[in-house]
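# A closer look at the structure
One letter stands for each residue in the lines below.
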Amino acid sequence: MKVKGDGLDGCAFFWRCFRQAKEEAPAGVRDLFQRYSENGAMGAEQLKRFLVEVQGEEEGATTKVEAQAIIDSVLRLSKHQIRFPKKGGGSLGLDGFFRYLFGVANPPIALSLGNKVLHSSFQNDHVVPEKGFLVKIYMGDGWNLDFHQTDFDMYSPPDFYTTVEIDGVPADTILQKTKIIEDNWIPVWNEEFTFPLTVPELALSRNEVYDYDPLEMDGFGGQTCLPVPELRTGVRAVPLCNRKGEEYKSVKLLMHFKIV
């Protein structure tokens, strides 16, 4: 929410501009964790099931060993999250699961991981004309690390919203927006959009984040443009870029892609 500087004392200015929201798992991620965990812990078997059923990984190509390797990598970065089930290795709590989903090892586009290539889940799902493309935006984070505290608003945290756009053939081109989250460096939208695709092979999924300003031009907070045929389905960490196409170090969205 935009406020004028008149009448703000030093303490009020500091609190409004520099207070930080706590990063925590949004409701959609908590629901997924509850569905795929047991007694508050997600072991290799549960994570494997999540990778196949939600992330679109091929069942025969996804093993418990690979799932455990993901768990171990997360635990090495946050030792306080380690949980030990009665059998097997460590497992993930909710925070560890959230860190995995929002981490660099969970990109939206296919990549090479060691000797294994993570292929596009959309290709595995055989995208066909006139199918729906679901995009859910859970939340965003990282602006407080890559931007100065007053880059958006002089006297308050930003009021972020995200555009959700499909570019492609005229029949597929559409633009929608999330609601505005006022005064928050870590906006949580939890909004989903479904787009009919007639020619998915030419479709691009575009997102731009802005800080809403009723008096001036909205402040730019990042963008991404992803080719739909190369996307991996499931919950993915999507890094954002500046206007030059250069990737920010920390700014990213947590999104869910799905064919419906």
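Computed from a prediction, not measured in an experiment: that's the story for all the values here.

### Notes on the pairing of strand 9 (residues 234-241)
Buried residues dominate strand 9, accounting for 7 of its 8 residues. Bridge count for strand 9 against strand 10 (residues 247-259) is 7 bridges, and the pairing is antiparallel. Looking across to strand 10, one finds that arginine 236 is bridged to methionine 255. Joining the antiparallel neighbours strand 9 and strand 10 is a turn of 5 residues, in which glycine 245 adopts a positive phi near 85 degrees.

### Regarding helix 3 (residues 44-53)
For helix 3, every residue scored as buried is listed here: Ala44, Gln46, Leu47, Phe50, Leu51 and Val52. On its buried face, helix 3 sits against helix 2 (27-36), helix 4 (64-77) and helix 5 (94-101).

### Notes on the side chain of arginine 232
Among the structural elements, arginine 232 can be located in the loop between strand 8 (219-227) and strand 9. Separated by 3.0 Å, the side chain of arginine 232 and the backbone oxygen of proline 107 make a polar contact.

### Remarks on the pattern of salt bridges
Side-chain pairs of opposite charge can arise where the charged atoms are in close proximity. What the rule picks out here adds up to 9 salt bridges. Across the pair glutamate 57 and arginine 232 runs a salt bridge whose closest N-O atoms are separated by 2.9 Å. Note that glutamate 57 is positioned in the loop between helix 3 and helix 4 and arginine 232 in the loop between strand 8 and strand 9, a separation of 175 residues in sequence. The buried category is assigned to glutamate 57, whose relative accessible area is 16%. We note a salt bridge from glutamate 57 to arginine 236, for which the minimum N-O separation is 3.8 Å.

### A few points about the packing of aromatic side chains
This model, assessed by the stated rule, comprises 12 aromatic pairs. Aromatic pair phenylalanine 133 and phenylalanine 257: ring centres 6.2 Å apart, planes at 5 degrees, arrangement stacked. Of this pair, phenylalanine 133 sits in strand 3 (residues 131-141) while phenylalanine 257 sits in strand 10, placing them 124 residues apart in sequence. Among the residues examined, phenylalanine 133 registers a relative accessible area of 0% and is labelled buried. Aromatic pair phenylalanine 147 and phenylalanine 152: ring centres 4.9 Å apart, planes at 35 degrees, arrangement tilted. These aromatic residues form a ring-pair network of at least three members: Trp143, Phe147, Phe152, Phe160, Trp185 and Tyr248. The residue whose ring lies beneath arginine 243 is phenylalanine 220, and the NZ or CZ to ring-centre distance is 4.1 Å. Positioned over the ring face of phenylalanine 102 is lysine 252, at 4.7 Å from the centre of the ring.

### Side note on the environment of leucine 253
Looking at the element boundaries, leucine 253 is found in strand 10. Take leucine 253: its relative accessible area is 0%, and that puts it in the buried class. For the pair leucine 253 and proline 187, spaced 66 residues apart in sequence, the C-alpha to C-alpha distance is 9.7 Å. Once you skip the residues sitting within four places of it in the chain, leucine 253 turns out to touch Phe102, Met139, Gly140, Trp143, Thr162, Trp189, Asn207, Val209, Arg236, Ala237, Val238 and Leu240.

Conventions adopted
- Residues numbered from 1 in each chain as written.
- Predicted model: local features only at pLDDT ≥ 70, side-chain atom pairs only at ≥ 80, totals over all residues.
- Heavy atoms only, no water.
- Buried < 20%, exposed > 50% of the residue type's maximum accessible area, 1.4 Å probe, protein only.
- Helix = DSSP H or I, 4+ residues; strand = E, 2+ residues; numbered from the N terminus.
- Pairing = 2+ DSSP bridges.
- Contact = heavy atoms within 4.5 Å.
- Polar contact = N/O pair within 3.5 Å; in protein donor to acceptor, adjacent residues only side chain to side chain.
- Salt bridge = Lys/Arg side-chain N within 4 Å of Asp/Glu carboxyl O.
- Phe/Tyr/Trp six-rings, centres within 6.5 Å; stacked < 30°, edge-to-face > 60°.
- Lys NZ or Arg CZ within 6 Å of the ring centre and 35° of its normal.

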